[in-house]
Amino acid sequence: MIKFKVFPLSNYGLLSFALGCCVALGQAPWALTTIAVVSLLILFYVISYQKIIRHEKIIFMFGLGYFSLSLHWIMEPFFVEGESYIWIAPFAFLALVFFCSSFWTFSTYLILKISRSKSTLTVALALLVGEVIRSYCFSGFPWGLIGYIWTDTPIALLSAWVGPIGLTGMTFILTALPFSKINNIRPALSSLIIFLVLFSVTYFQLKTSDRLFSTKIVRLVQPNAVQEKKWDPLYSPIYFEVLLDLTSSGEKATVDLIIWPESAIVPFLDDATAEFKKIGENMPSDSELILGIRRQNKNNIYNSLVLLNNDGLVSGSYDKFHLVPFGEYIPILRYLEKLGLIFTENFSNIGFSPGNAVAVLSSKIGLFRPLICYEAIFFQEIYHESRPEFIVNITNDAWLGDWAGPSQHLQQVKMRAIEQGLPVIRSANTGISAIVNPYGETIASIGLGLRGYVDVLLPLKVKKTFYSLTGERVNFFIIFIWFFMIFFRRKKILIDDTYH
């Protein structure tokens, strides 16, 4: 095989950065899976032959490239409020990119140090551990996991068995394995055979599985309310009328459940009696409606979801459990408030408060697991002892711009459907609203920046998936075994060094 010449660090840095960008192209909205996989193969090829530059430096530049492209949408929220916050956008973007890349860098440095091995499989383990830490540490940010490059392909069905972390680990292993032994073709053939078997099995499952639907009709409503005007007293009544009109349009007598997006109306829950009455008047008879609303309790404010009957009365509610740091609350201020070191009567100084726990609500068409916006990315928090019939995700992706952000958010929602074997009903203020079946396929949708509604038969759930029963326990066990093997390999190396 042809070996790389030894280039200066700057050249390897540029190459690693470029490879990171190419892997990011596997994420939505590009979905160039082949380019992403080939780029990972090239990365491990470089690592297997590079003996001078430390691997963690290559991984750091690779991470910068990957997160710079995949998370570029993070600047969008700062443009919503106008000139006041625009100057923060580049600093927030760079901070997040460096922060996410540091997980990969730190785990690579630490594991290579412990193992005294520079094998590509050891680096693959290090990257997987970095993704695990990123998913859990500091409240977690599992956005854009490497495993999501398989969304909308048959391989994505494997997440029903191993979840997104397992799928990420398999991706790293299969692209690192061919270069685990220099000048040996067997690992490459093994990797190819494993991939072909997995692809064939999942493709067969995708093509032979029945897509079953209930007799219940769900209506998704997308008002396309411009974020800058949504809370404006001049425009908010207009958007409310739009929501009412879309709710009462068409063959409404056949609709069983209507979904409005996150923070659909301006008043707080206790002040929305008049609005709820009007909503009830515009709903089909014997139907229900889900909407997002803010709720205030003493000095706390909650980002909530409520279920209304057709009399406009609340029959169920849920408070968002996993909040967005710095977006919905300031971590330091919230911590100081809990310690009793600060107190304010103005909740806007502190931000939202988290709900007590995850929950399942009961509607006339079955139990559902509510997820508000950002909560949909936390695969580890979806499970509930009472298995629902479907998942409801209400969101306001106007904060995420009009391209990559909303597309990636929907991409992750599709994976939640596969992992749990449950259909997902998703209403987004400006898009993308969609109904996704348990195989991650979009049954119907309303695109970005559009206003309208769509009526769809509710897909039926499938049997409990292996992942819905085990969660991340199997993945953590495999990672532990991997560490165990590395420890004994290091011990053997130390013994060999002693006697030589």
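Now for a look at the structure at hand. (Residues numbered from 1 in each chain as written. Predicted model: local features only at pLDDT ≥ 70, side-chain atom pairs only at ≥ 80, totals over all residues. Heavy atoms only, no water.)

1. Notes on the overall build of the protein
Here's step 1: Looking only at helices and strands, the protein has 16 helices and 12 strands in total.
Here's step 2: Here the protein has a C-alpha radius of gyration of 24 Å; the compact-globule value for 500 residues is 23 Å, and the two agree.
Here's step 3: Here the C-alpha coordinates of the protein stretch approximately 85 × 55 × 35 Å along the principal axes.
Here's step 4: Scored against the burial criterion, the 500 residues of the protein give a buried share of 55%.
Here's step 5: If you take every contact in the protein between residues at least 6 apart in sequence, the share linking residues at least 24 apart comes to 69%.
Here's step 6: Of the roughly 22,500 Å² of accessible surface on the protein, a fraction of 65% belongs to carbon and sulfur atoms. (Helix = DSSP H or I, 4+ residues; strand = E, 2+ residues; numbered from the N terminus. Rg over C-alpha atoms; globule rule 2.2 N^0.38 Å. Buried < 20%, exposed > 50% of the residue type's maximum accessible area, 1.4 Å probe, protein only. Contact = heavy atoms within 4.5 Å. Areas by Shrake-Rupley, 256 points an atom, 1.4 Å probe, with all protein chains shown as cover.)

2. Structural notes on the sheet that holds strand 11 (residues 442-446)
Here's step 1: Pairing within the open sheet is mixed, and its 6 strands lie in the order 6-7-8-9-10-11. In the strand order of this sheet, the two ends are held by strand 6 (361-363) and strand 11, each with one partner. Mean inter-strand twist for the sheet, computed between neighbouring axes without regard to direction, equals 20°.
Here's step 2: Across 3 bridges, strand 6 lies against strand 7 (residues 366-372) in antiparallel orientation. If you follow L361 over to strand 7, its bridge partner there is F368. (Pairing = 2+ DSSP bridges. Axes fitted to C-alpha atoms, helices over the stretch in contact; angles between N-to-C directions.)

3. What to know about the state of the cysteines
Here's step 1: In this structure the tally under the stated criterion is 0 disulfides.
Here's step 2: No disulfide involves C100; its sulfur sits 11 Å from the nearest other cysteine sulfur, which is in C137.
Here's step 3: Under the relative-accessibility criterion, C100 is labelled buried at 0%. (Disulfide = S-S within 2.5 Å.)

4. A word on the side chain of S249
Here's step 1: Within the secondary structure, S249 is located in the loop between helix 11 (236-248) and strand 2 (257-259).
Here's step 2: There is a polar contact of 2.4 Å between the side chain of S249 and the backbone oxygen of D245. (Polar contact = N/O pair within 3.5 Å; in protein donor to acceptor, adjacent residues only side chain to side chain.)

5. Let's talk about helix 3 (residues 55-70)
Here's step 1: In this model helix 3 runs 22 Å from its N-terminal to its C-terminal C-alpha over 16 residues, within 8% of the 22 Å that 1.5 Å per residue would give.
Here's step 2: Counting buried positions along helix 3 gives 12 out of 16 residues, so the element sits mostly inside the fold.
Here's step 3: Taken together, the buried positions of helix 3 are H55, E56, I58, I59, F62, G63, L64, G65, Y66, F67, S68 and S70. (Expected span 1.5 Å × (residues − 1).)

6. Examining the packing of helix 11 against helix 12 (residues 273-282)
Here's step 1: Running from N to C, helix 11 and helix 12 point in directions that differ by 25°, and their axes come no closer than 9 Å. The orientation of helix 11 with respect to helix 12, classified from their angle, is roughly parallel. In terms of crossing hand, the pair formed by helix 11 and helix 12 is right-handed. Contacts from F240, E241, L244, T247 and S248 in helix 11 reach E275, K278, I279 and N282 in helix 12.
Here's step 2: Considering only residue class, the contact of helix 11 with helix 12 consists of 3 nonpolar, 3 polar and 3 charged. (Parallel < 35°, antiparallel > 145°, perpendicular 65-115°, else oblique. Left-handed = near helix turned anticlockwise from the far one by under 90°. Nonpolar A, V, L, I, M, F, W, Y, C, P; charged D, E, K, R; others polar.)

7. Regarding helix 12
Here's step 1: When we look at burial in helix 12, the residues that qualify are E275, F276, I279, G280 and N282. An end-on view of helix 12 places all buried positions within 165° of arc, on one side of the element. Every exposed residue of helix 12 that faces more than 90 degrees away from the buried side is listed here: T273, A274, K277 and E281.
Here's step 2: In this fold, the buried residues of helix 12 make contact with helix 11, strand 3 (288-297), strand 4 (300-309) and strand 5 (314-319). (Arc of directions from axis to C-beta.)

8. Some remarks on the nonpolar core
Here's step 1: If you look at the biggest cluster of nonpolar residues, it comprises 93 residues, and the most contacted ones within it are F44, V218, I259 and I290.
Here's step 2: The element that contributes the greatest number of residues to this core is helix 2 (residues 33-49), accounting for 9 residues.
Here's step 3: Excluding anything up to four places from it in sequence, I290 contacts L257, I258, I259, W260, L305, V306, L307, F368, V392 and I394.
Here's step 4: By size, the runner-up hydrophobic cluster in this structure holds 22 residues, among which are F240, I279, L289 and I293. (Core = buried A, V, L, I, M, F, W, Y, C linked by side-chain atoms within 4.5 Å.)

9. A look at the sheet that holds strand 3
Here's step 1: Strand order in the open sheet made by the 6 strands is 5-4-3-2-1-12, with mixed pairing throughout. Only two strands of the sheet have a single partner each, and these edge strands are strand 5 and strand 12 (452-459). If you compare each strand with its neighbour and ignore which way they point, the axes differ by 30° on average.
Here's step 2: Pairing analysis gives 3 bridges linking strand 2 to strand 3, with the strands arranged parallel.

10. Notes on the pairing of strand 8 (residues 390-395)
Remark: a regular strand shows side chains that alternate across the two faces of the sheet.
Here's step 1: Of all 6 residues in strand 8, 6 are buried, a share of seventy percent or more.
Here's step 2: Judged by which residues are buried, strand 8 turns out to be covered on both faces: F390, V392 and I394 on one side and I391, N393 and T395 on the other are all buried.
Here's step 3: By the bridge criterion, 5 bridges tie strand 7 to strand 8 in an arrangement that is parallel. Residue pairing for strand 8: L371 is matched across the bridge by N393.

11. Here's the deal with the packing of helix 2 against helix 8 (residues 159-176)
Here's step 1: At a minimum axis distance of 8 Å, the contact between helix 2 and helix 8 shows a crossing angle of 55°. Taken together, the axes of helix 2 and helix 8 are oblique relative to one another. The hand of the helix 2/helix 8 crossing is right-handed. Between helix 2 and helix 8, the contacting residues are V37, L40, L41 and F44 on the first element and T171, F172, T175 and A176 on the second.
Here's step 2: Here the residues of the contact of helix 2 with helix 8 are counted per class, giving 6 nonpolar, 2 polar and no charged.

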